[in-house]
Amino acid sequence: MKIVKRYFLTQRLAFAALGFDIESMSENGSERILKYPWLFFVLVILTFLKYTAIFHYAYVNANNIISVANSFSMVCQGVVCITKLTIFFFKRRDIMDMVSLLQKDVMNAQSEDLAIIREENARDVFFCNIYSLVLCVTGWFGMVLPFVRTLVLYIYNAWSGCFFTANIITVSFLEMNELLHSLWDFNTSYGYVLLSAWNMLRIHTVLAATMGIDTLYSWLITNIVAQFRILSYHFQQAGWTTAAHDGSEVGVSAEQEQLISDCIGLHNRIFDLVDELNRVYGTITFVKFVVSSLCCCCSIFFINASGSSQSAFNLCYQGIFFTAVTLQLATYCYNGQRISDESELVATKIYLAFPWPLLPVTTQRSLLMSMIRAQQPCEMRGVFFKVDLSLFVWVFKTAGSLIAVLQYLDEAE
């Protein structure tokens, strides 16, 4: 059954680019999630080596704060990417169990529930399309920038022998001569092609990992939010069936009691899903926010401090890169806020759905337990902190403080 157009498409394609088949797991768990292990490990190793080279460049040029800020923002993104892939690799079975469970809920939903699921997933598909577009533009810009800069240098210099020499400076936006010369001679056309391919594979890995893991997180949150909305709807249905018209005490039938009991069971099941999502994604979220705050800081400082000393290409790329990182953080914070708001709203829905003065005491007691539990909203956590919109503000406050420190160090040189 097709839920909405392009349903789960972004997640499937992104993980396929890394060698995963996230829909291959059968009910008994016999099929492999990692379909092409060689592809995954080659991409991870090459990406790790490339960011090691960039970090080496930052270390060698530690006396130049602007160059360090430019390279360190890329290193931060590499740290997040490698961490995400490592954690996903070791927790892939738990994550896929959650995906499989929510997929079954989607496929087995009744008509009333299916309308809510479709509405939520249509919103998620729209977000995934926008998010993928931003990431692809950033990655495309990162891939073509070295060639564009080389072409510009070639035209302006009008020197036939400068083509590959110019690429040494521009291929990764860094001059990593010290480390890379020990690997191969990239002054030749073959060496340059090899270095360019390495750079493209690095960008491909970062794009696929970021797109896949972040959009999967959004999909999980979306379908858990849909479960909260379905729960509220079911409580309202139970409330409508217990309405009294003569002012007397409402007699709750066994069928109605069962409906309320099912709602309470669904409520507890959703709490378990949120706890499991925190368990598998908590470390990823922690590393992402801690490292991305440094990444935002370095990008803003580089744009502000370098000024006219840098080419328009570099400044434009840093601006696009900063926008992509900001959107990544906003994705996690907004989804965390949605979980909190929807879980807290359940208590209000229960209170408004039932004629409380007319309900039997036993029924009131059952509903009060759910209301008390709903008044303690579910939280998405990054191990040590709550993930919501206030965290998004905190990241930029922290980045502002770090920028002030970098500016002081730059002026002190």
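In this report, the structure presented in the accompanying data block is examined. (Residues numbered from 1 in each chain as written. Predicted model: local features only at pLDDT ≥ 70, side-chain atom pairs only at ≥ 80, totals over all residues. Heavy atoms only, no water.)

Thoughts on the overall build of the protein chain
1) Next: For the protein chain, the helix and strand inventory stands at 12 helices and zero strands.
2) Next: Reading the secondary structure of the protein chain in the N-to-C direction produces α-α-α-α-α-α-α-α-α-α-α-α.
3) Next: The buried share of the protein chain, reckoned over its 413 residues, is 49%.
4) Next: Across the protein chain, contacts joining residues at least 24 apart in sequence account for 80% of those joining residues at least 6 apart.
5) Next: When the accessible surface of the protein chain is split by element, carbon and sulfur atoms take 63% of a total near 19000 Å². (Helix = DSSP H or I, 4+ residues; strand = E, 2+ residues; numbered from the N terminus. Buried < 20%, exposed > 50% of the residue type's maximum accessible area, 1.4 Å probe, protein only. Contact = heavy atoms within 4.5 Å. Areas by Shrake-Rupley, 256 points an atom, 1.4 Å probe, with all protein chains shown as cover.)

Thoughts on the packing of aromatic side chains
Each aromatic ring pair is specified by the distance between its two centres and by the angle formed by the two planes.
1) Next: Here the structure, examined in full by the defined rule, presents 18 aromatic pairs.
2) Next: With a centroid separation of 4.7 Å and an interplanar angle of 20 degrees, the aromatic rings of phenylalanine 15 and phenylalanine 88 are classed as stacked. Linking phenylalanine 15 in helix H1 (residues 9-16) with phenylalanine 88 in helix H3 (residues 65-90), this pair joins segments that are 73 residues apart in sequence. Each member of the pair, phenylalanine 15 as well as phenylalanine 88, is classed as buried.
3) Next: Between the aromatic rings of phenylalanine 20 and phenylalanine 88, the centroid separation amounts to 5.1 Å while the plane-to-plane angle is 85 degrees, which identifies the pairing as edge-to-face. A residue pair is termed long-range when its members are at least 10 positions apart, and phenylalanine 20 in the loop between H1 and helix H2 (37-60) and phenylalanine 88 in helix H3 qualify at 68 residues.
4) Next: Accessibility expressed as a relative area gives 3% for phenylalanine 20, which makes it buried.
5) Next: Judged by its relative accessible area of 1%, phenylalanine 88 is buried. (Phe/Tyr/Trp six-rings, centres within 6.5 Å; stacked < 30°, edge-to-face > 60°.)

Section: helix H11 (residues 361-374)
1) Next: When the terminal C-alpha atoms of H11 are compared, their 20 Å separation across 14 residues agrees well with the 20 Å that a helix rising 1.5 Å per residue should span.
2) Next: When H11 is considered as a whole, its buried residues turn out to be Thr363, Leu367, Ser370, Met371 and Ala374. Each buried residue of H11 sits inside an arc of 100 degrees when the element is viewed along its axis, so together they form one side. Counted as exposed and oriented over 90 degrees from the buried face of H11: Val361, Arg365 and Met369. (Expected span 1.5 Å × (residues − 1). Arc of directions from axis to C-beta.)

Focus on the environment of lysine 386
1) Next: By secondary structure assignment, the location of lysine 386 is in the loop between H11 and helix H12 (389-412).
2) Next: C-alpha separation for the pair lysine 386 and glutamine 337, spaced 49 residues apart in sequence, amounts to 9.4 Å.
3) Next: Other than its neighbours up to four places away in sequence, lysine 386 contacts Ser340, Glu379, Met380, Arg381 and Leu391.

With respect to helix H4 (residues 92-107)
1) Next: Taking 1.5 Å as the rise per residue, H4 with 16 residues should run 22 Å; its terminal C-alpha atoms sit 22 Å apart, in good agreement.
2) Next: Three or more residues of H4 are buried, namely Ile95, Met96, Met98, Val99, Leu102, Gln103 and Val106. Down the axis, H4 shows its buried residues gathered within 155 degrees of arc, on one side only.

Description of empty space enclosed by the protein
1) Next: Scanning all chains against the criterion turns up three cavities of 30 Å³ or more.
2) Next: Taken as a whole, the largest cavity spans an internal volume of roughly 200 Å³.
3) Next: Along the walls of the largest cavity sit 16 residues, with Gln77, Thr138, Val206, Tyr317 and Phe321 positioned nearest its centre.
4) Next: Mapped onto the lining of the largest cavity, the elements with two or more residues apiece are H3, helix H5 (111-157), helix H8 (189-241) and helix H10 (312-353).
5) Next: Grouping the constituent residues of the lining of the largest cavity by class yields 10 nonpolar, five polar and one charged. (1 Å grid on protein atoms, 1.4 Å probe; cavity = no way out; pocket = protein on both sides within 12 Å on 5 of 7 lines; lining within 4 Å. Points joined across faces, edges and corners; volume = space filled by probe spheres on them. Nonpolar A, V, L, I, M, F, W, Y, C, P; charged D, E, K, R; others polar.)

Considering a nonpolar patch on the surface
1) Next: A cluster of nonpolar side chains, namely Phe41, Ile45, Phe48 and Leu49, defines an oily patch on the protein surface of about 390 Å² accessible area.
2) Next: As for its position among the elements, phenylalanine 41 is in helix H2.
3) Next: For phenylalanine 41, a relative accessible area of 38% translates into the label partly exposed. (Patch = residues over 30% accessible without salt bridge, like charges linked within 9 Å, V, L, I, M, F, W, Y side chains within 5 Å. Salt bridge = Lys/Arg side-chain N within 4 Å of Asp/Glu carboxyl O.)

Looking at the nonpolar core
Nonpolar side chains in soluble globular proteins generally cluster together in the buried interior.
1) Next: Core analysis: the largest hydrophobic core is formed by 94 residues, its most contacted members being Leu216, Tyr281 and Phe354.
2) Next: A total of 17 residues in this core trace back to one element, the largest contributor, which is H8. (Core = buried A, V, L, I, M, F, W, Y, C linked by side-chain atoms within 4.5 Å.)

Side note on the side chain of arginine 338
1) Next: Position of arginine 338 among the secondary structure elements: in helix H10.
2) Next: In terms of polar contacts, arginine 338 uses its side chain to reach the side chain of glutamate 120, at 3.0 Å.
3) Next: Filtering out sequence-adjacent residues up to four positions away, arginine 338 remains in contact with Glu120, Arg123 and Val225. (Polar contact = N/O pair within 3.5 Å; in protein donor to acceptor, adjacent residues only side chain to side chain.)

Some points on the environment of glutamine 376
1) Next: Position of glutamine 376 among the secondary structure elements: in the loop between H11 and H12.
2) Next: Placed 32 residues apart in sequence, glutamine 376 and glutamate 344 show a C-alpha to C-alpha distance of 6.9 Å.

Focus: the side chain of serine 232
1) Next: Turning to its location among the elements, serine 232 is positioned in helix H8.
2) Next: With sequence-adjacent residues up to four places away left out, serine 232 is seen in contact with Val346 and Lys349.

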